[in-house]
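Residue strings, one per chain:
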Amino acid sequence: MTKGQPFVLILQFAWPLLLGNILQQFYSLVDAAIVGQYLGMNALAGVGASSSVLFLILGFSNGTASGFGIPIAQAFGAEDHLQMRRYVRVCYYAGIIISVMLATVCSLLCSNILHWMQTPEEIYQDAYTYLLITFITIPCNLIYNLLASIIRALGDSKTPFYFLLLASVLNILLDLLFVIAFDMGVGGAALATAVAQTVSIIVCVIHMKRNYPILRGEMSPFSIFDVWIMLGFGIPFGLQFSITAIGSMMLQAANNALGTACATAFTAAMRIKLFFICPFENLGVAMATYCGQNLGAKKLERIVSGIKDAMLMMFVYWLVTMVILLPFARDISAIFIYRSETQILDYSEQFMHISCLCYLFLGTLVIFRYALQGLGYTRLAMCSGVSELIARALISLLLVPPLGFLGVCIGDPAAWVAANIFLFPAFFTVYRRLKTRLLVK
């Protein structure tokens, strides 16, 4: 990604990511639709009652995996293949250790977490079952994302898409089998996802061994410095998601306290929101790799050009989301919610309308945040997550009690604006610093 038109390169890299994320969100929507239509509204609320907790834990594991890919991308851009292979080996060891630790701690704390989230009693058992199975299978999620991150760091975003396509189709088939045919309840939906991810890991490992000789070249032992570099990228990247998720947990806890109707509406609206915002996230991931490779190649002028092109793509997509969600939000919500549940549909529609009007702030946020991460300033990117946390916490404490569900709807947009206020000056300060450093050299 160090040669050619930035617009074309970013689009080509982001497009397979987008298709892959759409598939991922699609089978997440299918999970929710099957649970809602076949198991009922309480089961759907149970699955959604823990969504911000899963964002906290899985966001940390996925973020860590993505962060590990940045030094690999920088070494690849600098054509230092020996160092790149050392980083890859650190990835494997660190990924296994981190995922097992996360799975163990989270599984032991599962019940406590749901009580901290003020989960309504009538949906507690479904929430516990779904959350526990997801926690136990965290290694499946993290290792798949780690392998995909390594492949993307080498400039190949198409191959992870094909593996995700396999996982998506398999997940849907297993959902139908476990939930409907075997009557396994919400646990069947969680187990279907884990099995599908495991199959993708196996296929991914076989493919990498056969098709990436650059990973099998000359090897040398990695040092503690290599480990420190990788953790310095991966952990802050993961913590950024976790810090953001803590604010989301506070917001969801405040929402859960409003009752089952609000919890159900929040579940449906969040699934739909995650589906529509995945292009923003994919554009951000593309920018991290793009900036990392161009920094490694010492081509800073291409970084600014890439950001301008990414902002244009983001703006066009934001307009598309409004055209779809403003008139059809209620109809889309009815995929998960019975038409007779008018109050829940009203809440879900309100959430999506307010959210989509503010997607412009979200799109800007991910472009600049991932650009900072690609440039190696992961701690600054993490600080933008702190801004989001503070904003969501204030909304949860000050606006949700008097405004009810309307306060919940305001939470995300307020957090996006707060993060942008931090990110703009941070990015341009970093850019000037890097430019000065290269001129001195």
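Quick note: structure is the one above.
Bear in mind that the values here come from a model prediction, so they are computed numbers and not experimental data.

> I tried to follow the overall build of the chain on my own but got confused; where do I start?
Check the secondary structure of the chain and you find 16 helices and zero strands. Of the contacts made within the chain by residues no fewer than 6 positions apart, 83% connect residues no fewer than 24 positions apart. As displayed, the chain offers around 17,500 Å² of accessible surface, 70% of which is attributable to carbon and sulfur atoms.

> Even after reading the chapter, I still don't get helix 15 (residues 378-403), so can you show me in this structure?
Since the α-helix advances by 3.6 residues per turn, residues separated by three or four positions end up pointing in the same direction. Relative to the 38 Å expected for 26 residues at 1.5 Å per residue, helix 15 spans 36 Å between its end C-alpha atoms, a close match to the ideal helical length. Of all the bends in helix 15, the largest measures some 35° and sits at Ser396. Looking at the residues trailing helix 15, positive phi occurs at Gly404, about 70°.

> Whenever I open this one, empty space enclosed by the protein confuses me. Can you help?
Empty space left among the atoms is revealed by rolling a probe the size of a water molecule over them. A full pass over the atoms with the stated rule returns three cavities of 30 Å³ or more. Put simply, the second largest cavity is a space of about 130 Å³. Lining the second largest cavity we find Ser66, Gly69, Ile70, Ala73, Ser149, Arg152, Ala153, Phe237, Val285, Ala288, Thr289 and Tyr370. Residue contributions to the lining of the second largest cavity peak at four residues, all from helix 3 (residues 51-77). Partitioning the lining of the second largest cavity into residue classes produces seven nonpolar, four polar and one charged.

> What should I look at first to understand the pattern of salt bridges in this one?
Side chains that carry opposite charge are capable of pairing whenever their charged atoms lie near each other. Considering all chains together, one arrives at eight salt bridges under this definition. Asp412 is the salt-bridge partner of Arg392, the closest N and O atoms lying 2.9 Å from each other. Of this pair, Arg392 sits in helix 15 while Asp412 sits in helix 16 (residues 405-440), placing them 20 residues apart in sequence. Arg392 sits in the buried class, given a relative accessible area of 3%. Owing to a relative accessible area of 6%, Asp412 belongs among the buried residues under this scheme.

Thresholds, definitions, all that
Every chain begins its residue count from 1, and numbering advances along the sequence as written. Owing to the predicted nature of the model, reporting of local features is limited to residues with pLDDT of at least 70; listing and counting of side-chain atom pairs is limited to 80 or more, with chain, interface and lining totals taken over all residues. The basis for the side-chain values is all heavy atoms of the structure; hydrogens and waters are excluded. Runs of E in the DSSP output that reach at least two residues are strands. Runs of H or I that reach at least four are helices, and both are numbered from the N terminus. We call two residues contacting when some pair of their heavy atoms lies within 4.5 Å. To be clear on the numbers: accessible area is Shrake-Rupley with a 1.4 Å probe, and residue cover counts the displayed protein chains and nothing else. A helix is expected to span 1.5 Å for every residue after the first. Bend, in this description, refers to the angle at a residue between axes fitted to the seven residues ending there and the seven starting there. Definitions used for this entry: grid spacing 1 Å over protein atoms alone; cavity, a set of points where a 1.4 Å probe fits but cannot get out; pocket, an open set with protein on both sides within 12 Å along at least 5 of 7 lines; lining residue, one with an atom within 4 Å of a point. Grid points are joined across faces, edges and corners, and a volume is the space filled by probe spheres set on the points. Amino acid classes used here: Ala, Val, Leu, Ile, Met, Phe, Trp, Tyr, Cys and Pro are nonpolar; Asp, Glu, Lys and Arg are charged; the rest, including Gly, are polar. Any carboxyl oxygen of Asp or Glu that lies within 4 Å of a side-chain nitrogen of Lys or Arg is treated as forming a salt bridge with it. For every residue, the accessible area (1.4 Å probe, protein chains only) is compared with the maximum for its type, and the residue is labelled buried under 20%, exposed over 50%, or partly exposed between those bounds.

Purely geometric stuff here, so don't read any function into it on its own.
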